[in-house]
Amino acid sequence: MQVYKAFFRIIQKNRGQILIYLVVFMVLALLLTNAYNPPQDTDFTKTRVNIAFISDDVDSQLVAGLKSYLGEYANLVDLPDDSQKLQDALFFRQVVYILRVPEGFTTAMLNGQDVQLEKNIVPDSPSNIYMDLLINKYLNTAKTYITYLPELTQTELVSYLKTDLTKETEVTVISSVRHSDNAEKSGYYFNYLSYSLFAILILGVCSVMLVFNDTDLKRRNLCSPMRAATMNVQMILGNLSYAVLTWLVLISASFVMYGSYMFTTNGLLLLLNSFVFTLAALSISYLIGNLVKSRGAMSAVANVFALGTSFLSGVFVPQELLGPNVLAIASFTPTYWYVKANNEIAAAANFNTDTLQSIFTSMVLVLAFGVAVLGVTLVLIKQRRVEG
């Protein structure tokens, strides 16, 4: 196993550059994990908004009841009945809703006639819909009583409205699954893993290939008693061993930080996805290793390729924030599909056929990139041998 041993001797001599990317990744992972804040509760909560209530009708118990009902859900702001001042109040957001009760409102309601209230609102405010619902609820309930119990007095009507409208039904939302905080944390961790993994594999594989592709050394190897097939097998084993070792080192921290979560379905899928990406990254690194001619070029390619694909594919900037043109370009890189699968795995509280199909489709595409690049590399190597 002389070639296999020589492979790792070369890696060991270049361990300085490799360790830099490893340390950078670990520091980034720890910082991002500690800085992560779990999402806030997004359940619906009532919010009191500022409204103005102006009545042009006679002082009646029905109008007073409507005003009192709205006051339970909103802050009633006293404003002078002046058009300019009311418009200013809306403009400066002193109020977001101005309700005007027209003259003859009470009489029309008690006679069963349709009544239109006037309103001035802040455009496109969600509070407008909420206030409309409250007002319609009050008026529709009052209209029902007036239609079927026309003999009711205003006092009785307002009393019934107050009783009915204060009744509430408790709603409890029960979820069959709990989405762990470790889900998003681990998703970020494995997304950033692609950057360091790519850089480490490119640097390691290129450093070895630069040595073995040296013209003088290649000629000496051709004259050696070892068969070319044996050398190639040992070289493949060396590359695979190096890739698997790198993958194991990079994922080891995830077991420390996320513990038992890594043994859940989500965690195991993240591990599988990262391993598939490792194979694709190794294939691309092997191609690059057969193209670069100097150590300076090796470092430049490692930085440009690892950083470039990370920025384009959603490692440093979430894919949701990237434009469609950028994502279209990124889809031609395995990193894009790797990150896409990671995001779907981290977001999944449970798995169904559609979810798993999308995740495994992304993995297959990543693996297809690796196979395609490996095919190109083998053709390139064969062509060089023929030319040589």
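Residues numbered from 1 in each chain as written. Predicted model: local features only at pLDDT ≥ 70, side-chain atom pairs only at ≥ 80, totals over all residues. Heavy atoms only, no water.

Draft legend 1. Representation of the overall build of the chain in the model. Across its full length, the chain carries 15 helices and four strands. Looking at the chain as a whole, 41% of its 388 residues are labelled buried. Considering only intrachain contacts with a sequence separation of at least 6, the fraction spanning at least 24 residues in the chain is 77%. By element, 60% of the accessible surface of the chain is carried by carbon and sulfur atoms, the whole surface being about 21900 Å². (Helix = DSSP H or I, 4+ residues; strand = E, 2+ residues; numbered from the N terminus. Buried < 20%, exposed > 50% of the residue type's maximum accessible area, 1.4 Å probe, protein only. Contact = heavy atoms within 4.5 Å. Areas by Shrake-Rupley, 256 points an atom, 1.4 Å probe, with all protein chains shown as cover.)

Draft legend 2. Up close: the pattern of salt bridges. Per the counting criterion, the structure on display carries six salt bridges. For aspartate 114, the salt bridge goes to lysine 143, with nearest N and O atoms at 3.2 Å. Of the two residues, aspartate 114 is situated in the loop between α5 (105–110) and β4 (118–121) and lysine 143 in helix α6 (residues 126–148); the sequence distance between them amounts to 29 residues. Of the charged contacts in the structure, one is a salt bridge between lysine 119 and aspartate 132, with a shortest N-O distance of 2.7 Å. (Salt bridge = Lys/Arg side-chain N within 4 Å of Asp/Glu carboxyl O.)

Draft legend 3. How the structure looks around the packing of α6 against helix α7 (residues 154–165). Running from amino to carboxyl end, α6 crosses α7 at an angle of 130°, the nearest separation of the two axes being 10 Å. With respect to α7, the element α6 is oriented oblique. Handedness of the α6/α7 crossing: right-handed. For the pair α6 and α7, the contacting residues are Lys137, Tyr138, Thr141, Ala142, Tyr145 and Ile146 in the first and Leu157, Tyr160, Leu161, Asp164 and Leu165 in the second. In terms of residue class, the contact of α6 with α7 is built from eight nonpolar, one polar and two charged. (Axes fitted to C-alpha atoms, helices over the stretch in contact; angles between N-to-C directions. Parallel < 35°, antiparallel > 145°, perpendicular 65-115°, else oblique. Left-handed = near helix turned anticlockwise from the far one by under 90°. Nonpolar A, V, L, I, M, F, W, Y, C, P; charged D, E, K, R; others polar.)

Draft legend 4. The arrangement of the side chain of arginine 100 in detail. By secondary structure assignment, the location of arginine 100 is in strand β3 (residues 97–101). Exposure remark for arginine 100: the relative accessible area of 18% places this residue in the buried category. A distance of 3.1 Å separates polar atoms of two side chains, one belonging to arginine 100 and the other to aspartate 56. In this structure, arginine 100 is in contact with Ile54, Asp56, Asp81, Leu86, Leu117 and Glu118, ignoring residues within four places of it in sequence. (Polar contact = N/O pair within 3.5 Å; in protein donor to acceptor, adjacent residues only side chain to side chain.)

Draft legend 5. Representation of the packing of helix α3 (residues 61–71) against α6 in the model. Relative to each other, α3 and α6 sit at 145°, their axes nearing to 11 Å. Judged by the twist between their axes, the crossing of α3 over α6 is right-handed. Mapping the contact onto sequence places Leu62, Gly65, Leu66, Tyr69 and Leu70 in α3 and Met131, Leu134, Ile135, Lys137 and Tyr138 in α6. Residue composition of the contact of α3 with α6, by class: eight nonpolar, one polar and one charged.

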